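Okay, here's what each chain looks like letter by letter:
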Amino acid sequence: QSALTQPASVSGSPGQSITISCTGTSSDVGSYNLVSWYQQRPGKAPKLMIYEGSKRPSGVSNRFSGSKSGNTASLTISGLQAEDEADYYCCSYAGSSTYVFGTGTKVTVL
Amino acid sequence: EVQLVESGGGLVQPGGSLRLSCAASEFTFSSYWMSWVRQAPGKGLEWVANINQDGSEKYYVDSVKGRFTISRDNAKNSLYLQMNSLRAEDTAVYYCARGGVGVWYFDLWGRGTLVTVSS
């Protein structure tokens, strides 16, 4: 049950695209297409942004997209906006009804 | 409004106990797996435990097994986390979240309740 590995920080200018990686193992990310992504602003609860690898909940901008290759999942934010500045966490189903979160990535809009 | 509201956090001494509650409203609570997720100060999210719809299945992260117990009362639309033998490393904001198995993500979160373990 080790945390998934994410870069500590990613930055970009308004309008650019950024990608956050989330690396796990063959026991979690690699075994299931059940990665979700959460946005968390300071002092607030996490908000679901992507589920089951690439699906967007109603109300989430189509600027957010998810993908997976092998043991690594990715979240891409296109057309970066100031409001996207937040912490982002990936989460994967890890079997036996358990979950593991990523280490978190701070996104800064320059 | 569809929401989850946690309560019961506070300051407790190492070795002590605390019971967290989570009140659900405006959705069919008994139809969902429910989970607890925590976040230590300045740190990342950590899944803690989940429970199935009727309370017959419960799962925990290794670090809390034998110390924490998740439970629910569907008649009261409430989720609970009994925390015993608390340690300093259990200090965190504890979030109640909807989701677990079948719904393979957490789509509804409460605002959290802070638990501080310190002498």
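Analysis parameters
Residues numbered from 1 in each chain as written. Chains lettered and ligands numbered in written order. Predicted model: local features only at pLDDT ≥ 70, side-chain atom pairs only at ≥ 80, totals over all residues. Heavy atoms only, no water. Pairing = 2+ DSSP bridges. Helix = DSSP H or I, 4+ residues; strand = E, 2+ residues; numbered from the N terminus. Axes fitted to C-alpha atoms, helices over the stretch in contact; angles between N-to-C directions. Core = buried A, V, L, I, M, F, W, Y, C linked by side-chain atoms within 4.5 Å. Buried < 20%, exposed > 50% of the residue type's maximum accessible area, 1.4 Å probe, protein only. Contact = heavy atoms within 4.5 Å. Disulfide = S-S within 2.5 Å. Salt bridge = Lys/Arg side-chain N within 4 Å of Asp/Glu carboxyl O.

## Some thoughts on the sheet that holds strand β3 (residues 18-25) of chain B
Two pairing modes exist for strands in a sheet, parallel and antiparallel, and in both the strands are linked by backbone hydrogen bonds.
All names here are of chain B.
In step 1: Reading across from one edge, β1-β3-β8-β7 is the order of the four strands in this open sheet, with antiparallel pairing throughout. At either margin of the open sheet sits one strand with a lone partner, and together these are β1 (3-7) and β7 (68-73). Here the strands of the sheet are splayed against their neighbours by 15° on average, with no regard to which way each runs.
In step 2: Two strands pair when backbone bridges link them, and β3 and strand β8 (residues 78-83) are joined in this way by six bridges, in the antiparallel orientation. Within β8, the residue paired with cysteine 22 across the bridge is leucine 79.

## What to know about the nonpolar core
In step 1: Counting 45 residues, the largest nonpolar core has A:Phe101 and B:Trp36 as its most contacted members.
In step 2: Residues contacting A:Phe101, with those up to four places away along its chain left out, are A:Ala3, A:Leu4, A:Tyr38, A:Tyr89, A:Cys90, A:Cys91, B:Val37, B:Leu45, B:Glu46, B:Trp47, B:Phe106 and B:Trp109.

## What to know about the state of the cysteines
Residue and element names in this part refer to chain A.
In step 1: Following the criterion strictly, the structure yields two disulfides over all chains and no others.
In step 2: The residue that forms a disulfide with cysteine 22 is cysteine 90, at a sulfur-sulfur distance of 2.1 Å. One disulfide, between cysteine 22 and cysteine 90, carries an S-S torsion of 80° and so falls in the right-handed class. Here cysteine 22 is found in strand β2 (residues 18-23), whereas its partner cysteine 90 is found in strand β7 (residues 86-93), with 68 residues between them in sequence.
In step 3: Cysteine 90 supplies the cysteine sulfur nearest to cysteine 91, a cysteine that is in no disulfide, at a spacing of 7.6 Å.
In step 4: Residue cysteine 91 is classed as buried on the basis of its relative accessible area, which comes to 0%.

## Topic: the pattern of salt bridges
In step 1: Inspection of every chain in the model, using the stated rule, returns seven salt bridges over all chains.
In step 2: Here A:Lys55 and A:Glu52 are joined by a salt bridge, their closest N and O atoms 2.6 Å apart.
In step 3: The salt bridge partner of B:Arg98 is B:Asp107, with a shortest N-O separation of 2.8 Å.
In step 4: Residue B:Asp107 is classed as partly exposed on the basis of its relative accessible area, which comes to 30%.
In step 5: Each member of the salt-bridge network shares a partner with another, and the members are B:Arg38, B:Glu46, B:Arg67 and B:Asp90.

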